[in-house]
Amino acid sequence: FEEEHFEENEYMCCLYDHDYYPDGYEWCVVDDNKQGVFAYERKSPTGDHLLVVLNFIGNRHTYYTIPVSIYGEYKEVINTDKDIYSGKNVTNGPIMAKNIPALGKKYSLDVDLPPYSGIIFSVTEKKVKTPEKATKVGKMEKATSTKKTK
């Protein structure tokens, strides 16, 4: 871990808090053996969440869809492909979850997974944007009177 991230990031307690309780851990991707990807969420009793995504094979996965249970913004906290770890710097900027269900979860996000990497995302929950109802706007026509002249 980068020391600065560990000291400054209050989300790190998710990695060890609630270790022995089922509600502290939830699988997101558990059976993608062809692409070698695992993903899970860690949750603390205070409501903080982390998403851990691991790629165990030498292929890069671009736009890999991860099912998630929280709608919000996901930011990389740790990425083992950063150049400080002798990686190639394949990173993700902040990613907003999509209101698209995947593998039994309400939301999903697309990530760029470098080969042989581990990425930890912090999650900032947001309100789900619901589509506004379309309203019918009627045209107002100006009433004109015409006088017939003789």
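Please read these numbers as outputs of a predicted model, since none were measured by experiment.

**Student:** Just checking my understanding: could you explain the overall build of the protein chain for this structure?
**Tutor:** The number of helices and strands found in the protein chain is one helix and eight strands. Counting helices and strands in the order they occur from the N terminus, the protein chain gives α-β-β-β-β-β-β-β-β. Burial statistics for the protein chain: of 150 residues in total, 39% are counted as buried. Contacts in the protein chain between residues far apart in sequence, at least 24 positions, make up 64% of those at least 6 positions apart. Within the structure as shown, the protein chain displays about 10500 Å² of accessible surface, and the carbon and sulfur contribution to it stands at 52%.

**Student:** Where do I start with the sheet that holds strand β1 (residues 25-32) in this structure?
**Tutor:** Either a parallel or an antiparallel arrangement is found when strands of a sheet pair, and the pairing is made through backbone hydrogen bonds. Sheet architecture is open: six strands sit in the order β1-β2-β3-β8-β5-β6, paired in antiparallel fashion. Each edge of the open sheet carries a strand with a single partner, namely β1 and β6 (95-96). Pairing of β1 with strand β2 (residues 37-43) involves five bridges; the strand directions are antiparallel. Bridge pairing in β2 links D32 to V37.

**Student:** What exactly am I supposed to notice about the side chain of E41 here?
**Tutor:** Looking at the element boundaries, E41 is found in strand β2. No salt bridge is formed by the buried E41. Its closest oppositely charged neighbour is K43, at 4.1 Å. Polar contacts involving the side chain of E41 include one to the side chain of S69, which spans 2.7 Å. Once residues lying within four places of it in the same chain are set aside, the contact partners of E41 are G24, Y25, E26, C28, L50, L51, V68, S69, I70 and Y74.

**Student:** What exactly am I supposed to notice about the confidence of the model for the protein chain here?
**Tutor:** The predicted coordinates of low-pLDDT regions are not to be read in fine detail. Across the protein chain, pLDDT averages 82, with 75% of residues at or above 70. By mean pLDDT, the top-scoring element of the protein chain is strand β7 (residues 107-113) (97), and the lowest-scoring one is helix α1 (residues 3-8) (46). This stretch, residues 1-8, has a pLDDT under 50; its non-local contacts, to residues over four places away or in other chains, come to eleven contacts. Here residues 132-147 scores under 50 on pLDDT; set against residues more than four positions off or in separate chains, the count is zero contacts.

**Student:** How should I be thinking about unusual backbone geometry in this particular structure?
**Tutor:** Excluding glycine, most residues fall at negative phi; most peptide bonds, likewise, are trans. In this model, L103 sits at a positive phi of 45°, which is unusual for a non-glycine residue. Here L103 lies in the loop between β6 and β7. Judged by relative accessible area, which is 69%, L103 ranks as exposed. Here Y116, not a glycine, exhibits a phi torsion of approximately 45°, which is positive. The topology assignment puts Y116 in the loop between β7 and β8 (117-125). Since its relative accessible area comes to 62%, Y116 is described here as exposed.

**Student:** How should the nonpolar core be read in this particular structure?
**Tutor:** Where a protein is soluble and globular, its nonpolar side chains tend to be buried together. Grouped together as the largest cluster of nonpolar side chains are 21 residues, with contacts concentrated most on L51, I66 and Y74. Listing elements by their share of this core, those giving two or more residues are β1, β2, β3 (49-55), β4 (61-68), β7 and β8. The biggest single contributor to this core is β7, with four residues. Once you skip the residues sitting within four places of it in the chain, L51 turns out to touch C28, Y40, E41, I66, V68, Y74, L109, I119, I120 and F121. Ranked by size, the runner-up nonpolar core spans six residues in total, among them Y40, L50, V77 and I120.

Rules behind the numbers
- Residues numbered from 1 in each chain as written.
- Predicted model: local features only at pLDDT ≥ 70, side-chain atom pairs only at ≥ 80, totals over all residues.
- Heavy atoms only, no water.
- Helix = DSSP H or I, 4+ residues; strand = E, 2+ residues; numbered from the N terminus.
- Buried < 20%, exposed > 50% of the residue type's maximum accessible area, 1.4 Å probe, protein only.
- Contact = heavy atoms within 4.5 Å.
- Areas by Shrake-Rupley, 256 points an atom, 1.4 Å probe, with all protein chains shown as cover.
- Pairing = 2+ DSSP bridges.
- Lys, Arg positive; Asp, Glu negative; His and termini not counted.
- Salt bridge = Lys/Arg side-chain N within 4 Å of Asp/Glu carboxyl O.
- Polar contact = N/O pair within 3.5 Å; in protein donor to acceptor, adjacent residues only side chain to side chain.
- pLDDT = per-residue confidence, 0-100.
- Core = buried A, V, L, I, M, F, W, Y, C linked by side-chain atoms within 4.5 Å.

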